[in-house]
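Chain by chain, the residues run as shown.
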Amino acid sequence: MIELRTLGVLDLRGPADVNCRAVLQQPKRLALLAFLATASPKRFHRRDSLLGTFWPALDQDRARAALRRSLYFLRTALGAEVIVGRGEEEVGIGDGVLTADVTTFTEALAADDPERALGIYAGDLLDGFFIAGAPEFERWLDRERTHLRGLAARAAWTLADRAADVRDAGDAGDAETAVRFGRRAAALEPDEETATRRLMALLDRVGDRSAALRAYDDLARRLQADYETEPAAETRELADAICVRIDRGATARPAVTIPVSVDTVAVFPFTIRGDPQLAYLADGMVDLLTKQLDGAGALRAVDRRALLGHLAREGWRDDSPAEAAAIARQFGAGLSVLGTITAAGGRLHAQATVLDENGAAAGAAQASAHGETELFGMVDELARQLLASHSSGPGARLSRLAALTTESLPALKAYLRGEADLRGGRYFDAMESLQRAVAADPSFALAYYRLAAAAAGSAMPELAREVADAGYAHRDRLSGHDRLLLDAQRAWLHGAVAEAEAHYGTITGTHPDDVEAWFLLGDLLFHSNPLRGRSATEARGPFERAVELERDHVSSLVHLSRIAALENRSDDAESLALRALAASPDADQALSLRAFIAALRDDRADQAAVAAELQKARAITVAVAFSDVALYADNLDHAERLARGFIQAARSDEMRALCHLLLAHVSLASGDEPAAWRELDAAERLNPVAGLEIRALFGALPFTELPREGIEALRDTLAAWDPDTAPVSGFLIFAMHNGLHAHLRLYLLTLLEARLDDTDAAERWAGELSQLPAPPDGAALASHLTRAARAQVAWSRSDPATALAELEAGQSEAWFQLTVASPFYSQACERFLRAELLVALGRTEEAAGWYRSIAERSPYEIIYRAPARARMRAMAGSGRR
C-alpha cells in the first residue's frame, strides 16, 4: 500500500520498488496525484477537466500530451495499478493500492471518531504547496483547505463540549481536556470571531475566567493590528459578563483559585511623574509589559483586564510592595512588578522592581527613551532586564546570561521558550523555538549552543554540528566560562571526546554549581565510555550532582534510571524513571520511559498498552523504547513483543526489515540461534543488502554454532555479490551505510575467512579493503573497518599483540547516535575481540572493563552480553581476576 500524506506534512511512502522520491520531486505531477487521491467525493475525473485545472495555458493537443506524460510518469514510478482509467476519457486512483490521509480523516469523522480524526489532521491540506500557471487548482486547493479545516475545528469543538459535559456531571478532571480541544478548535478558526466567543464561553463554563479574558484581549489586539477595528458588541458583552462573574464569585480573588507560582507575574499600574499628559501610561505599561513578559519561557502574566478590573473595583491606589504582592497572590502570581516613569528634559526614564510573593525586591530594571516615539524600545529593554532578573536557581544561569547577551526581545523570548522545552525533554519543540531565536538574532551564541543540544537530542547530529559551528563564530560575546561550554560541546559533536571531557572537567572544577556542565559531563561519560573500555555507570556521579543542584533535571533522571538498571538496582531504576516522568509527563521520552517501567515491572498489561501507543509514535521514540527495554531493563521477552508489534504497524519494507534484524539480535541474545537465522532470512527478503550483511556478521561471530558449510556458503554468497548494485537507502538507519557496502563486504569476508582458519584468504580480503577509497561521509568507519580487518588477520595468526595494536590505532570516536543505531558503527565486534586479546596477553583487569561495558550503549550489542559474562565468570573462577 502506498501512503500519501497531504495534511500538514507532504509525504509519499511505499514499498521499496516504488519510486516515491521521484514523484515528490515533480510538483505538478505530485499535485495531479494529490488531486485525484483527495478530491471529494472519490470519483473518476474527465481528462478535459484535468486539462483546464493543470494546463490552462496550453492548447488542446499540447495539454493532452502533458497529461499523458504525467499519467505515464506516475504509473511508471508508483505502479501501473495506481492510476486507472474508465473508458478513454476518465482517470482515477485504483482501489486498494493508495491510501490518503484526507480519506482516513473523513472516514474517522463519518464513524463519529473525532479524536482519531484530529490525530490524523496535522495541518492544512498541502500546506505551503504551490504550482505556477494553474489558478483553477489553486482555487480548488483553497476551497478544500477551508473545508477540511472547518471539519477539524468541528471535531475539536465536539470533543471540547463532550469533555465539558462530563465535567458538568461531576468529573473536574475533564476541564483540562475541554480547554485543550477548545483552544485547538479556536486556533483552527483564527479569523472567526465566533470561535473566540465560543472559546471564551467554554473557559467561563469550566471556571477559568481569567483565561477567557486573555482570549478576548488577544482577539482585540489582533483585530486592531490587522483591521483597525474592535471586537463585536456581542463579544464585548460576553467579556463584561465574565468580569461580573469574577467579581461576584469572590470580592478579593478571581473565580478560579490557583496555586501561587513563581512563574506567574502580575504587572501593576506604573506611577507617572513630571508630565500629566503621560497619565495614560499608568495602565498602558500594564498592557505593554504584560504582553512582552507573557509566554517568555515558563513565565505567564496575569491577564491585564482581570487585574485592572479588580484594582478598579477595590479602589486600589496604594503602590506599597506588600499590598501589591498580596493582590498578586490572589491571582496565583508569585511575582509582581511595580514601576515609575519620570518625564524630564524631553526624556522618559522608567524604573521597575520585581517583587517576590512576600513583597521583597527580587530584581530591578531601568531604561530611558527620547520621548514617546521611543516608548516601545524602552518597554522592550525593561522586559529584557526583568526577564534576566526573573531567572533564578543554578539551573537558570544560562537563561540569565541569555538575557544579557542579546538585545532582541523576540530572540530572548523564543530562547526562553526553547530552554523550558529543552529542560523538559521536549527536544523537537525546543528546536522550533531556538531556531526562531537565532533567526531573530543571528549573533545569539547561546541560542546556537542550546539549538545544537536540541538537535543532538533529536538524533540530528549533522544539524547539531552545523549549529555548533555557527555558534562558535560568535563565542567572543561570552565569558570564558561559557566559551568553554561551547568549546566542549563542539569538540564532542565532532568526535573529540577526550578534549570535551577535559573542558567539562575544568568547568565543574571551577564552577561546581553549573548544572549544565555536570549533566553534559555525565552524558559524555555515559555514551562514550564503552568505546574506551570503561563502564557507562561511571556517569552516575555527575548525573547525581546535576540532580542535587536541580531536583527535576529530567535528562539526568532518565540516565540515572538506566544506570541503576545496569547496576541491577531495579527498584531504584523504576523510582528514578517515575520521577523523570512526573517531572515532565509530556517529554519526548515519556512514552519510552513508560515502556522501560513496564519492562522493569514485567507488567504484561502495561507493556501491551504502551506497545499500542508506540505504534503511532515517532521513529526515534520507538528506537529509544526498544533500546531501553532490551539493553537496560534486559527484558528480552518484552523487547521481542515490541518488535513484533512494530512489524504490524510498519509502513515500509525497510522498517519491517529493521524489526526482523532486531528480532534476530533478541533471539540470539536469548539463546535461540535457529530463530535468529529465521529472522535474518525474513529481513533479507525485505532488504537483501542489510539482511546479507548482518547474516555475514552473525556467521563470523566466534560464539554462533553455524556449521562450517554454512559459513562457507555465506562467504561464497558475499564474494559473488556486487556491492555497486546496492540501492541508495533513504531510511535513516540504513542510510548511514550508503557508500560503504563495498567496505563492509571486504571486512565481513575477512572475518568469515578468519573463522574458517584461511588466514591467507583473510589477509587478501583485508589487503583489498585497505586499497579501497573511502567515501567522505563514511571515512571514519572505513578506516576503522580496515584496522579491524587487519586485527582479525593478526589474531588468526596467533599474534594478539599486533592485533591489539591495530585495534588501538583504528579506534573511531564516532558520534554516539551512529554507534547506537548501527552494528558496525557500534564497534561491538571489535570491542569483544579487544577483550579477548587482552586476556590472551594476560591483561585481565583491562579485559574485564571491555567485557563489562560491551552491552551498555546499543541494542545491537545484546548478542555479546552472555558470552562476555561467561568470559568474566571464567576469569573469576580461574583466579585470574
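Residues numbered from 1 in each chain as written. Predicted model: local features only at pLDDT ≥ 70, side-chain atom pairs only at ≥ 80, totals over all residues. Heavy atoms only, no water.

(A) Geometry of the overall build of the chain. In terms of helices and strands, the chain carries 43 helices and 12 strands. Taking 2.2 N^0.38 as the reference for a compact globule, 881 residues should give roughly 29 Å; the C-alpha atoms of the chain span a radius of gyration of 32 Å, in line with that estimate. When the backbone C-alpha atoms are referred to their principal axes, the chain occupies close to 95 × 80 × 55 Å. Taking all 881 residues of the chain together, the buried fraction comes to 56%. By sequence separation, contacts in the chain at least 24 residues apart represent 61% of the contacts at least 6 residues apart. (Helix = DSSP H or I, 4+ residues; strand = E, 2+ residues; numbered from the N terminus. Rg over C-alpha atoms; globule rule 2.2 N^0.38 Å. Buried < 20%, exposed > 50% of the residue type's maximum accessible area, 1.4 Å probe, protein only. Contact = heavy atoms within 4.5 Å.)

(B) Structural detail: the pattern of salt bridges. Under the defined criterion, the tally for this structure stands at 48 salt bridges. For D112, the salt bridge identified is with R162, shortest N-O distance 3.0 Å. Note that D112 is positioned in the loop between α5 (101–110) and α6 (114–120) and R162 in helix α7 (residues 135–168), a separation of 50 residues in sequence. Assessed through its relative accessible area of 37%, R162 is described here as partly exposed. With its nearest N and O atoms 3.4 Å apart, the salt bridge here joins R551 to D552. (Salt bridge = Lys/Arg side-chain N within 4 Å of Asp/Glu carboxyl O.)

(C) Just the nonpolar core, in detail. Ranked by internal contacts, the top residues of the largest apolar core, which has 201 residues, are M285, L289, L382, Y504, F698 and Y747. Non-local contacts of M285, meaning those with residues more than four positions away in its chain, are made with V267, F270, T290, I341, V379 and L382. Counting residues in each nonpolar core, the second largest holds 85 residues, with I2, V18, L118 and L125 among its members. (Core = buried A, V, L, I, M, F, W, Y, C linked by side-chain atoms within 4.5 Å.)

(D) Structural view of the packing of aromatic side chains. Here the structure, examined in full by the defined rule, presents 15 aromatic pairs. Aromatic pair F137 and W140: ring centres 5.6 Å apart, planes at 35°, arrangement tilted. With F137 and W140 both in helix α7, this residue pair falls three residues apart, about one helical turn. Among the residues examined, W140 registers a relative accessible area of 8% and is labelled buried. (Phe/Tyr/Trp six-rings, centres within 6.5 Å; stacked < 30°, edge-to-face > 60°.)

(E) Region of interest: the state of the cysteines. For the structure shown, the criterion picks out zero disulfides. Considering cysteine sulfurs only, C659 is the nearest to C20, which forms no disulfide, with 19 Å between them. (Disulfide = S-S within 2.5 Å.)

(F) Representation of the sheet that holds strand β2 (residues 11–13) within the structure. Pairing is mixed in the open sheet, where three strands are placed in the order β2-β1-β6. Two strands lie at the open edges of the sheet, namely β2 and β6 (98–100), each paired on one side alone. Along the sheet, successive strands turn relative to each other by an average axial angle of 15°, direction set aside. With three bridges connecting them, strand β1 (residues 2–5) and β2 associate as antiparallel partners. By the bridge assignment, R5 is partnered in β2 with D11. This element, helix α2 (residues 27–38), spans β1, β2 and β6 of the sheet and lies at about 80° to β6. (Pairing = 2+ DSSP bridges. Axes fitted to C-alpha atoms, helices over the stretch in contact; angles between N-to-C directions.)

(G) A look at the pairing of strand β5 (residues 90–93). Where strand β3 (residues 45–46) and β5 come together, two bridges link them in antiparallel fashion. Residue R46 lies in a different strand from β5, and its bridge partner there is E90. Pairing between strand β4 (residues 83–86) and β5: four bridges, direction antiparallel. Bridge pairing in β5 links G85 to V91. The hairpin turn running from β4 into β5, its antiparallel successor, is three residues long, and G87 in that turn takes a positive phi close to 75°.

(H) Looking closely at the sheet that holds β4. Reading across from one edge, β3-β5-β4 is the order of the three strands in this open sheet, with antiparallel pairing throughout. Looking at the sheet topology across the chains shown, the edges are occupied by β3 and β4. Strands β4 and β5 of the sheet are contacted by helix α4 (residues 60–78), whose axis makes an angle of about 130° with β4.

(I) Broad picture of the side chain of H660. Position of H660 among the secondary structure elements: in helix α31 (residues 653–669). Within polar-contact distance, the side chain of H660 engages the side chain of E679 at 2.7 Å. (Polar contact = N/O pair within 3.5 Å; in protein donor to acceptor, adjacent residues only side chain to side chain.)

(J) The environment of A840, seen in detail. With respect to the helices and strands, A840 occurs in helix α41 (residues 828–840). Overall, the relative accessible area of 46% leaves A840 in the partly exposed class. On a C-alpha basis, the gap between A840 and V354 in space is 68 Å, while along the polypeptide they are 486 residues apart. The residues contacting A840, other than those within four sequence positions of it, are W795 and P800.

(K) Expanded view of the packing of α41 against helix α42 (residues 844–852). Orientation of α41 relative to α42, taken along the N-to-C sense of each, is 165°, at an axis distance of 8 Å. When the interaxial angle is binned, α41 and α42 end up roughly antiparallel. Relative to α42, α41 is oriented so that their crossing is left-handed. Across from R831, F832, R834, A835, E836, L838 and V839 in α41, the residues of α42 making contact are T844, E846, A847, W850 and Y851. (Parallel < 35°, antiparallel > 145°, perpendicular 65-115°, else oblique. Left-handed = near helix turned anticlockwise from the far one by under 90°.)

(L) The arrangement of helix α9 (residues 193–206) in detail. Helix length check: α9 (14 residues) gives 20 Å between terminal C-alpha atoms against 20 Å at 1.5 Å per residue, within 8%. Counting buried positions over the 14 residues of α9 gives 10, a clear majority of the element. Listing the buried residues of α9 in full gives E193, A195, T196, R197, L199, M200, L202, L203, D204 and V206. Just past α9, the residue G207 takes up positive phi, approximately 100°. (Expected span 1.5 Å × (residues − 1).)

(M) Representation of unusual backbone geometry in the model. In this structure, L126 takes a positive phi of about 45° despite not being glycine. Here L126 shows up in the loop between α6 and α7. Phi is positive for D634, close to 55°, though the residue is something other than glycine. Structurally, the position occupied by D634 is in the loop between α29 (619–632) and α30 (636–649).

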